[in-house]
Structures are given as structure tokens and as C-alpha cells.
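Chain residues, written in single-letter form:
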Amino acid sequence: MKTARLAARQLLKNYSFIDYVTNLYAIAAKTGIVIYKTDKLPDNVLGSARLTNTGIWVIVVNSNQIFTRLRFTIAHEIGHIVLNHSHSEYHLATPHNTWQEREANIFASELLMPVTKFKDLYFNRHITDDLDIAKYFKVSKQAADIRISEITGK
Ligand SMILES: [Zn+2]
């Protein structure tokens, strides 16, 4: 799981933040990944990552998700690619709890709420409410809750 965090931090290196929001499109462009949004996927499919026969990684995401969930899905799929998971299948709304899924979630959490940014917000600026943190990083309350407990143990 340490690998997932390090991989996310590596990707964020040399990346300039305007605010607290990770620009996933900039990260994807830097990594050579194409993001494609569509409303044509079944409701229970959130997203997928697949390698085209021309060697380009494409992330297909269901645009019917709420914005914060969509961001997490994209970050999660970037994780599968960056972490070299063998992965080409669609994601269901209730994903299988495999180590690769957990690792991709940890990666997404680190990418969307980078540890230095999170600590700055939480400890220096004393923004500790989960809903406020969620707004700063443009993530769901649930994702913010998980990150808070990871970093502060609360
Ligand atoms: Zn996954």
C-alpha cells in the first residue's frame, strides 16, 4: 500500500497547485492518458481503464455520477494504470474488494488529497470539518472522512 502512496506523490511532484484541487486532466495529460466521459454506460458501471491497440491508455467514465464521485473514479483508474494493475474490465458500483481495488483507492485518496496539502489545511489552517475538507479538495464527504482518519487517526 506504501507503493500506491509513493506513486501518487511521484505523479504530483513538479505539479503546480493553484489551490487544493488536483487537476486530474493535467495529471492524465502528463501521463499520456486520455479521459473520455460518456452517459452511455449502464448505471452500475462507474468507469474503466483500457489500453487501445495503438498503445494509448483510455479511461472511460460514466458522466452520470456526481462530480466528486466522478473525480474519485478518474483518480482510481489512473491508479490502476500507474500501478500497472492488469485491469481492463468495467467497474461495478459495488467493486470487488481485491488488493488492487484497495490500492487504487489509496492512490486516488493520495492524489486527490495530497498529504502535504491535507496537513496544511488540517493542522495549519485548522480546517477540520469533513464537509469543509471535502469542498476544498472537491471530493465526497466519505472520501474526506477516510482521509481524515488515515492521517489524524480520528
Ligand atoms: Zn478499480
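Residues numbered from 1 in each chain as written. Predicted model: local features only at pLDDT ≥ 70, side-chain atom pairs only at ≥ 80, totals over all residues.

A. Inspection of the sheet that holds strand β3 (residues 57-62) at higher detail. Spatial ordering of the open sheet is given by β1-β3-β2, a layout of 3 strands whose pairing is mixed. In this open sheet, the two strands that pair with only one neighbour each are β1 (33-38) and β2 (47-51). Across this sheet, the average inter-strand angle for adjacent strands is 20°, counted without regard to direction. Pairing between β2 and β3: 5 bridges, direction antiparallel. Along β3, the bridge assignment pairs Ser48 with Val60. (Pairing = 2+ DSSP bridges. Helix = DSSP H or I, 4+ residues; strand = E, 2+ residues; numbered from the N terminus. Axes fitted to C-alpha atoms, helices over the stretch in contact; angles between N-to-C directions.)

B. How the structure looks around the nonpolar core. Ala75, Ile78, Phe107, Leu111, Leu112 and Val139 are the most contacted members of the largest nonpolar core, which totals 33 residues. Sorting the residues of this core by element identifies α1 (2-12), α2 (24-31), β3, α3 (67-82), α4 (99-112), α6 (130-137) and α7 (141-152) as the ones contributing at least two each. Other than its neighbours up to four places away in sequence, Val139 contacts Thr68, Arg71, Phe72, Leu112, Met113, Ala134 and Ala144. (Core = buried A, V, L, I, M, F, W, Y, C linked by C-beta atoms within 7 Å. Buried ≥ 20, exposed ≤ 12 C-beta atoms within 10 Å, placed from the backbone. Contact = placed C-beta atoms within 7 Å.)

C. Main features of the packing of α1 against α4. The contact between α1 and α4 brings their axes to 8 Å, and the two run at 35°. Read as a crossing pair, α1 and α4 show a hand that is right-handed. For the pair α1 and α4, contact is made by Ala4, Arg5, Ala7, Ala8, Arg9, Leu11 and Leu12 and by Glu103, Ile106, Phe107, Glu110 and Leu111, respectively. Of the residues belonging to the contact of α1 with α4, the class tally is 8 nonpolar, no polar and 4 charged. (Left-handed = near helix turned anticlockwise from the far one by under 90°. Nonpolar A, V, L, I, M, F, W, Y, C, P; charged D, E, K, R; others polar.)

D. Local environment of the environment of Tyr136. Structurally, the position occupied by Tyr136 is in helix α6. When the C-alpha atoms of Tyr136 and Ala108 are compared, they prove to be 16 Å apart, with 28 residues separating the residues in sequence. Setting aside residues no more than four positions away along its own chain, Tyr136 makes contact with Tyr20, Leu121 and Ile127.

E. View of the packing of α2 against α3. Two numbers describe how α2 lies on α3: the axes approach to 11 Å, and their chain directions differ by 20°. In terms of their interaxial angle, α2 and α3 are classed as roughly parallel. By crossing handedness, the relation of α2 to α3 is classed as left-handed. Across the interface between the two elements, Leu24, Ile27, Ala28 and Thr31 from α2 touch Arg71, Ile74, Ala75, Ile78 and Val82 from α3. Here the contact of α2 with α3 is built from residues that sort into 7 nonpolar, 1 polar and 1 charged. (Parallel < 35°, antiparallel > 145°, perpendicular 65-115°, else oblique.)

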